[in-house]
Amino acid sequence: MAVTEALKSFWKGITRTKQLDTSHIQETELKRCLGVVELTCLGIGSTLGSGVYVLTGQVAKEQAGPAVVLSFLIAAVASLLAGLCYAEFAARVPKAGSAYVYCYVSMGELWAFVIGWNMILENMIGAASVGKAWSQYFDTLLNDTVANYVKHHLPPMNAPGLSEYPDFVALALLVISTIIVAVGVKMSSLFNFICTFINVIVIGCIICIGLFHVHGENWTSPPGFFPFGFRGVMSGAATCFYAFVGFDTIATSGEEAKEPSKNIPLAILATLVICFVAYFGVSAVITLMIPYFELSSTAPLPKVFAQTGVFGAEYVIAIGGMCGLVAAMMGSIFPLPRIIYSMAKDGLVFRFLAYVNPTTSTPFIATLVAGFLAALLATLLELQSLIEMMSIGTLMAYTVVAVSVLILRYQPTDVGLNKDVIKTQDEIRSDLGDSSLATDSTAATTQQQQGANGESTGLLRVGDKINVVKYVPSTQTSVFRRLPTGDSQDGPNGQTNGERNKEVVAEEIRERSIDYTDQEDAPIGSTYQRIGSEQSVNSLTSLFHVGDGVDEPTEKSRHRVLLSLAAITVVALALTSLSLYGTQYLQEARWWAILLAVLFIAAVLGIIAYIARQPKNRARLIFKVPFVPVLPLASLIVDLYLMLSLSSATWIRFAVWMFFGFLIYFGYGIWKSDERKPDEMEVVLYDVSDNDGIMNEKHKK
């Protein structure tokens, strides 16, 4: 029995989810100062880095030919699937931490830690690799002067994976960038805006100038537009997919964005569209200017424009490339401390990393620690060793965000913000006649207004309604008055909340919510409300209603969806494995390979149809992924395909990184988590159906 109880406790610990209070969800220690323009520049800077200067020529020459434009189109569509999922979550949960927080509120603590830990690795290595690439690019313009000097004065570092010599230029660049990010979000945003603006202007010039030197026969003459066939296009698309990695940086800044529920989705979509136009335009121009097989795999743009005789083109391209690399590096450094801050604030990593400097309003310690670790990696490791580890963290994050969207769409309870919550809170601010009670789109219980008689007025969430709270200093009681909230029905005779404007008196109010573990604990009837809970009893009873043929999701339908998601993940892994490792047998039309492919595809389509039949949560979200469950599941399958395409060495490095992560989580995080053991609290229930408004029941859990 002791072992069983221990296992139950362990399972409960690793699967517990983060509880969100919508009345406090937008409160933050960080400074909200990023508008949609700044967020879009941050996303473009993170996404439109060295890829446009190198990747376009490499994919065109070695994988797709002129059809590289289709490779970028397919990659953009695949990235858009993930971007839509991020946009929905960013509108629901505008918190720092991006995929880590999204996973925490939907899939559970252990999965959240895995994603957060890998996002730390992804961004740290991303910053180090871009810093290393910038250093090498800069040194190339100086004819390798720096490299030759260091090699001459220092002994070589002869070890696998280590750089041939310590890269002090990359070290200095990353240290300076870290200091800029630590100084404040406004400073780093301005610096990123300048670099991104120059980069976009240079890319625009490249496309415009190139249009005057195009030759259509480079697409039509042999070997034609598809020299590598459709397989080459898809292989190029898998490579081009990583060129769009970086937009999730926008979601990570959820606690520093103005109106994050609106601006973050807009910035994500704008980033993907602008980056696609840039990649598509550059790849189209260079493959029309000269034959694809004459392109350089390492520096295509300077060679292409050298043949056109455009004076000074190589210098303009060099400036654009260096600015693009700096913006990409800032795009990796900026979200890194925000992820660490979010995890530390939740208690999953060491809490001292959540310290926010009151002057700069930035996670100061996390920024310095992460930045200097990235600088150390860039100084000592070779570029290729860094790049190989970047993709796995990104793909895992994309996968869990897609799954999390589906989980929340098919569960009975609401999570995060939606249009109704924001409308209700706006109505309360209007009824109070004082906008000082809430400066953002949500209201909080801690926001108060001092009254003439020593009373203070604030806001409290009661059930699924927001209420005015009057704190009376002379007694130990609080008075709650229900305000009008539109035409929502609350009484058996169609009375609205405004008509039933009764007062109830509470002996003690606890802010933290608690769920009933037994249906008998909850009194039946629409007149009861739970103080301090996120759900009214009406929602609670629907949660326990597991009958079929209902329009609202239930626990039973939710479990069906969870099992279906597990099943489709297994089938998708089998299908993608067959497409990757059984390509030869499929091309040879082996009967068993064809049969397996047909069965796997039929199973995927059947599971999608089954999930689509389940009732969805009807919350009116601020931004919704369209065509659920098809689009999130399509994103899931694409991400699984790309993850299986990674080398075994990458998976081994991932396992080593996770080993150290699990040491931290099981040695520290699982015990220090804010969600581990809520304090014992009282749940007070009031019967407000009579004229007295007297407390009817009290339950203590």
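Refer to the structure presented above.
Residues numbered from 1 in each chain as written. Predicted model: local features only at pLDDT ≥ 70, side-chain atom pairs only at ≥ 80, totals over all residues. Heavy atoms only, no water.

**Q** Help me out: how do you make sense of helix α6 (residues 109–141) in this one?
**A** Residues that lie three or four places apart on an α-helix share one face, since the helix turns once every 3.6 residues. If you check α6, its first and last C-alpha atoms are 48 Å apart, about what 33 residues at 1.5 Å a residue would give, namely 48 Å. Counting buried positions over the 33 residues of α6 gives 25, a clear majority of the element. Phi for Asn143, located one or two positions after α6, is positive at around 60°. (Helix = DSSP H or I, 4+ residues; strand = E, 2+ residues; numbered from the N terminus. Expected span 1.5 Å × (residues − 1). Buried < 20%, exposed > 50% of the residue type's maximum accessible area, 1.4 Å probe, protein only.)

**Q** Honestly, helix α13 (residues 260–289) in this entry has me stumped. Any pointers?
**A** Compared with the 44 Å implied by 1.5 Å per residue over 30 residues, the 43 Å span of α13 between its first and last C-alpha is a close match. With respect to burial, α13 is a largely interior element, 21 of its 30 residues being buried.

**Q** I tried to follow a nonpolar patch on the surface on my own but got confused; where do I start?
**A** On the surface, a nonpolar cluster with roughly 870 Å² of combined accessible area is contributed by Val36, Val37, Leu190, Phe193, Ile194, Phe197, Ile198, Ile201, Leu266 and Ile319. Elements that contribute at least two residues to the nonpolar patch include exactly α2 (36–47) and α9 (185–210). In this structure, Ile194 sits in helix α9. Judged by relative accessible area, which is 45%, Ile194 ranks as partly exposed. (Patch = residues over 30% accessible without salt bridge, like charges linked within 9 Å, V, L, I, M, F, W, Y side chains within 5 Å. Areas by Shrake-Rupley, 256 points an atom, 1.4 Å probe, with all protein chains shown as cover. Salt bridge = Lys/Arg side-chain N within 4 Å of Asp/Glu carboxyl O.)

**Q** How should I be thinking about the packing of aromatic side chains in this particular structure?
**A** Pairs of aromatic rings are described using the distance from one ring centre to the other and the angle between the two planes. Applying the stated criterion to the full structure yields 29 aromatic pairs. On the numbers, 4.9 Å between centres and 55° between planes, the contact of Phe350 with Tyr668 is tilted. In this pair, Phe350 is assigned in the loop between α16 (335–346) and α17 (364–380) and Tyr668 in helix α26 (residues 648–672), connecting sequence segments 318 residues apart. With a relative accessible area of 35%, Phe350 lands in the partly exposed category. Clustering of aromatic rings is evident, with ring pairs tying together Phe10, Phe113, Trp117, Trp657, Phe662, Tyr665 and Phe666. The ring of Phe334 has Arg338 lying over it, and the distance from NZ or CZ to the ring centre is 4.0 Å. (Phe/Tyr/Trp six-rings, centres within 6.5 Å; stacked < 30°, edge-to-face > 60°. Lys NZ or Arg CZ within 6 Å of the ring centre and 35° of its normal.)

**Q** Please explain the packing of α2 against α9 as it appears in this structure.
**A** Angle between the axes and distance between the axes: these two values describe a pair of packed helices. At their nearest, the axes of α2 and α9 sit 9 Å apart, and the two run at 60° to each other. Here α2 lies oblique to α9, going by the angle between them. The way α2 lies across α9 gives a crossing that is left-handed. Two secondary-structure elements touch here, α2 through Val37, Glu38, Cys41, Leu42, Ile44 and Gly45 and α9 through Lys186, Ser189, Asn192, Phe193, Thr196 and Val200. When the residues that make up the contact of α2 with α9 are grouped by side-chain class, the tally is 6 nonpolar, 4 polar and 2 charged. (Axes fitted to C-alpha atoms, helices over the stretch in contact; angles between N-to-C directions. Parallel < 35°, antiparallel > 145°, perpendicular 65-115°, else oblique. Left-handed = near helix turned anticlockwise from the far one by under 90°. Contact = heavy atoms within 4.5 Å. Nonpolar A, V, L, I, M, F, W, Y, C, P; charged D, E, K, R; others polar.)

**Q** Explanation requested: the environment of Met289 in the structure shown.
**A** Tracing the sequence through the fold places Met289 in helix α13. Along the chain, Met289 and Gln307 lie 18 residues apart, while their C-alpha atoms are 9.1 Å from each other. In this view, Met289 contacts Gly210, His213, Val214, His215, Asn218, Val304, Phe305 and Thr308; residues no more than four positions away in its chain are not counted.

**Q** Sorry if this is basic, but what is going on with the pattern of salt bridges here?
**A** Note on pairing: side chains with opposite charge can pair once their charged atoms come close. For the structure on display, the rule yields 12 salt bridges. In this structure, Arg351 engages Asp674 in a salt bridge whose closest nitrogen and oxygen atoms are separated by 2.5 Å. In this pair, Arg351 sits in the loop between α16 and α17 while Asp674 sits in the loop between α26 and β7 (682–687), placing the two residues 323 residues apart along the sequence. Residue Arg351 is classed as partly exposed on the basis of its relative accessible area of 36%. For Asp674, a relative accessible area of 37% puts it in the partly exposed group. Between Glu552 and Arg618 there is a salt bridge whose closest N-O contact spans 3.6 Å. Placement of Glu552 in the loop between α21 (537–544) and α22 (555–581) and of Arg618 in the loop between α24 (591–613) and α25 (630–644) is noted, with a sequence separation of 66 residues between them. With a relative accessible area of 38%, Glu552 lands in the partly exposed category.

**Q** Even after reading the chapter, I still don't get the environment of Leu121, so can you show me in this structure?
**A** Note that Leu121 resides in helix α6. Sequence separation between Leu121 and Ala370 is 249 residues, and the spatial gap between their C-alpha atoms is 9.9 Å.

**Q** Please explain the environment of His152 as it appears in this structure.
**A** Mapped onto the fold, His152 is located in helix α7 (residues 145–153). Owing to a relative accessible area of 65%, His152 belongs among the exposed residues under this scheme. Between the C-alpha atoms of His152 and Tyr165, which are 13 residues apart in sequence, the distance is 10.0 Å.

**Q** Even after reading the chapter, I still don't get the packing of helix α1 (residues 2–15) against α26, so can you show me in this structure?
**A** Where α1 meets α26, the closest approach of the two axes is 11 Å, and the angle between their N-to-C directions is 85°. Relative to α26, the element α1 lies roughly perpendicular. Contact residues: α1 offers Phe10, Gly13 and Ile14, while α26 offers Tyr665, Phe666 and Ile670. In terms of residue class, the contact of α1 with α26 is built from 5 nonpolar, 1 polar and no charged.

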